[in-house]
Structure formats: structure tokens, C-alpha cells
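# Chain and residue survey
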Amino acid sequence: MADHTTNWPDLAIGLYDKLTGRGAEITYEFDDLDVHIPSGAGNGQTHAHWKLNGKLRIRTKDNADKAGA
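What you are looking at is a predicted structure, and each value in this text was computed from that prediction instead of being measured.

### Re the overall build of the protein chain
When you go through the protein chain residue by residue, the secondary structure sums to 2 helices and 2 strands. Going residue by residue from the N terminus, the α and β elements of the protein chain occur as α-β-β-α. Sorting the 69 residues of the protein chain into buried and exposed places 6% on the buried side. Partitioning the intrachain contacts of the protein chain with sequence separation of at least 6 by distance along the chain shows that 51% fall at a separation of at least 24. Counting every atom, the protein chain has about 5,900 Å² of accessible surface; 54% of that belongs to carbon and sulfur.

The structure is reproduced here in C-alpha cells:
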């Protein structure tokens, strides 16, 4: 079994799981995003070109620790 993440959803879930419960807040803001997304993990993958003309905002906040304070 692989000891590393092999797909994007697992990567996002793993990151959030490590940060939640610690008063974590994740905020991403991009203007005119231009990204080449690999088709998989490893060498020799093809890439899809994603271009966003405008803004992308992703925010999350975990208030679990604040409720016990």
C-alpha cells in the first residue's frame, strides 16, 4: 500500500484533517488562475490546462476549539 497521497481529493481531505480541531482557518484567493493539472501521480503524466479569468476564493474555518473556550 502506498504511503503517500495518489489523488487530489485525498490530498485536500488529508490537509484539512490535519488542521481541523486546532482552530484552523484556510483561505485561498487567486486572481486570473492558470494551472496545469496532472492526470495522476508520478512521472510522465499528461496535463490538463485550466485557466480562470477572474477570482476564485476558497475559505473554511473550524470553530471546534472555540466552543470549549
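Now, onward.
### Observations concerning the pattern of salt bridges
In this structure the tally under the stated criterion is 2 salt bridges. R57 is the partner of E29 in a salt bridge, and the nearest nitrogen-oxygen pair spans 3.8 Å. Note that E29 is positioned in strand β1 (residues 25-38) and R57 in strand β2 (residues 47-61), a separation of 28 residues in sequence.

Calculation rules
- Residues numbered from 1 in each chain as written.
- Predicted model: local features only at pLDDT ≥ 70, side-chain atom pairs only at ≥ 80, totals over all residues.
- Heavy atoms only, no water.
- Helix = DSSP H or I, 4+ residues; strand = E, 2+ residues; numbered from the N terminus.
- Buried < 20%, exposed > 50% of the residue type's maximum accessible area, 1.4 Å probe, protein only.
- Contact = heavy atoms within 4.5 Å.
- Areas by Shrake-Rupley, 256 points an atom, 1.4 Å probe, with all protein chains shown as cover.
- Salt bridge = Lys/Arg side-chain N within 4 Å of Asp/Glu carboxyl O.

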